[in-house]
Amino acid sequence: MDNIKVPNHVAIIMDGNRRWAKENGKSPSMGHLEGSKTLEKIGMYIFGTGVKYLSVFAFSTENFKREEEEVTYLMDLIIKGFKSTCSKFVKNGIRVIISGRKDNLRKDVLDTILEIEEQTRNGTVGTFNICFNYGGQAEIEDACKKIAADYKDGKVDLSNLDFNSYLYQDLPPIDLMIRTSGEKRISNFMLYQLAYSELYFTDVYFPDFNEKEYDLAIDEYNNRKRRFGG
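A short tour of the structure in this document, coming up. Within each chain, residues carry numbers counting from 1 in the order of the written sequence. Only residues with pLDDT of at least 70 get local features here, since the model is predicted, and only at 80 or more are side-chain atom pairs given and counted; chain-wide, interface and lining totals rely on the full set of residues. Note that water and hydrogens are dropped before the side-chain values are worked out from all heavy atoms of the structure.

## With respect to the side chain of H9
Spelled out, the test is: Secondary structure elements are defined from DSSP: runs of H or I of at least 4 residues count as helices, runs of E of at least 2 residues count as strands, and each element is numbered from the N terminus. The buried label goes to any residue with under 20% of its type's maximum accessible area, the exposed label to any with over 50%, and the partly exposed label to all in between, with areas taken from a 1.4 Å probe on protein chains only. We call two N or O atoms a polar contact when they sit within 3.5 Å, provided that within protein one can donate a hydrogen and the other can accept it, with sequence-adjacent residues counted only if both atoms are side-chain atoms. Whether two residues are in contact is decided by their heavy atoms, any of which lying within 4.5 Å being enough.
Here H9 shows up in strand β1 (residues 9–13). With relative accessibility at 0%, the residue H9 sits in the buried group. A distance of 2.8 Å separates the side chain of H9 from the side chain of S55, its partner in a polar contact. Within the local environment of H9, its side chain forms a polar contact with the backbone oxygen of P172, the two atoms lying 2.8 Å apart. Those residues within four positions of H9 in sequence are excluded, and the remaining contacts are Y53, L54, S55, L171, P172, P173, I174, D175, L176 and M190.

## Considering helix α4 (residues 107–119)
Heads up, the condition is: Helices are assigned an expected span. That span is 1.5 Å times one less than the residue count. Of all possible arcs, the one meant is that of the directions from the helix axis to the C-beta atoms.
End to end, α4 covers 18 Å across 13 residues, agreeing with the expected 18 Å (1.5 Å per residue, within 8%). Along α4, the positions that sit buried rather than exposed are V109, T112, I113, I116 and E117. End-on, the buried residues of α4 take up no more than an arc of 130°, which puts them together on one face. Looking at the buried residues of α4, the elements they touch are α3 (68–91), β3 (94–99) and β4 (126–134).

## Remarks on the packing of aromatic side chains
Using the following cut-off: Here a pair means two rings of Phe, Tyr or Trp (six-membered ring of Trp) with centres within 6.5 Å. Their orientation is stacked below 30 degrees between planes, edge-to-face above 60, and tilted elsewhere.
Under the definition given, this model contains 12 aromatic pairs. Ring centres 6.2 Å apart and planes at 90° place the aromatic pair Y45 and Y214 in the edge-to-face group. Of this pair, Y45 sits in helix α2 (residues 28–48) while Y214 sits in helix α6 (residues 211–222), and the two are 169 residues apart along the sequence. The class of Y45 is partly exposed, set by a relative accessible area of 25%. Judged by relative accessible area, Y214 falls into the buried class, the value being 0%.

## Brief notes about the pattern of salt bridges
A pair can form between side chains of opposite charge whenever their charged atoms are brought close. For clarity, the threshold we go by: One speaks of a salt bridge when a side-chain nitrogen belonging to Lys or Arg is within 4 Å of a carboxyl oxygen belonging to Asp or Glu.
Summed over all chains, the structure comprises 18 salt bridges. A salt bridge links E141 to R101, with the shortest nitrogen-to-oxygen separation between them at 3.9 Å. Residue E141 is found in helix α5 (residues 136–152), and its partner R101 is found in the loop between β3 and α4; the two are separated by 40 residues along the sequence. A relative accessible area of 44% places E141 in the partly exposed class. Here R185 makes a salt bridge to E183, at a shortest N to O gap of 3.0 Å. The class of E183 is partly exposed, set by a relative accessible area of 22%. Taken together, the salt bridges that share partners define one network made up of D15, R19, R179, E183 and R185.

## As for the sheet that holds strand β6 (residues 198–201)
Short version of the rule: A pair of strands is considered paired only if DSSP assigns at least 2 bridges between the two. Here the axes come from fitting lines to C-alpha atoms, over the contacting stretch only for helices, and the angles between their N-to-C directions go from 0 to 180 degrees.
What the six strands build is an open sheet, ordered β3-β4-β2-β1-β5-β6; its pairing is parallel. In the strand order of this sheet, the two ends are held by β3 and β6, each with one partner. Each adjacent strand pair in this sheet contributes to an overall mean axis angle of 20°, direction not counted. Where strand β2 (residues 53–60) and β4 come together, seven bridges link them in parallel fashion. Bridge pairing links F59 to F132 in β4. With respect to the sheet, α2 is in contact with β1, β2, β3 and β4, its orientation differing from that of β2 by roughly 160°. Running at roughly 145° to β3, α4 makes contact with β3 and β4 of the sheet.

## Structural notes on the environment of G136
Relative to the helices and strands, G136 resides in helix α5. A residue is classified by how much of its surface remains accessible, and G136, at 1% relative accessible area, is buried. For the pair G136 and R95, spaced 41 residues apart in the sequence, the C-alpha separation amounts to 22 Å. Residues within four places of G136 in sequence aside, it is in contact with N188, M190 and L191.

## A closer look at the pairing of β3
Here is the key point about a regular strand: its side chains alternate between the two faces of the sheet. Counting buried positions along β3 gives five out of six residues, so the element sits mostly inside the fold. Bridge count for β3 against β4 is six bridges, and the pairing is parallel. Paired with S99 across the bridge in β4 is C131.

Don't take any of this as a statement about function, it's just geometry.
As structure tokens, this is what we get:
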């Protein structure tokens, strides 16, 4: 991938795990498992191309509306996935951070999140932002509440406000957002950070999203001219 523009911040809406499972005669849980394997492989590949920030939509606040069995499986999968890949993140210099509300998560899930953030906090090669129990509108609402509280306490000057610092994580704008599975919407994902990002949609289900598919997205990104409203 030489002589190309490498985005600084890539985001992925990892869609299509359940449809992949259905079309392959497998349970939804197996679709999520295959998706987690894909994420591990494609994540390391993306950082290897020079991307500094990777954000992925792992679990939304609305996903709690799904069947209890599926939600429980996803919670267990996040614990297993973090524990099995933590040493790889440390070895490759990848800092893992979690964006989302934490007040209604299971204690073992929360403990695992805090543990991997602590163990990888010194990573300098790249930042892997996992949006878990996340909603873009909720993030903006929570930021506004923090600002209001700080303003009440005299801790913030509204004429010189750094809104980004009040979000779940202080991250640079997203350059390229990829959504798999053929859906063409952003589904409440990182609304503030997506303001001027390039959007790329592919029909490929996430479990089948490999290095070749990612390179196609980068080719498309390089064929676009970003104007930022100018």
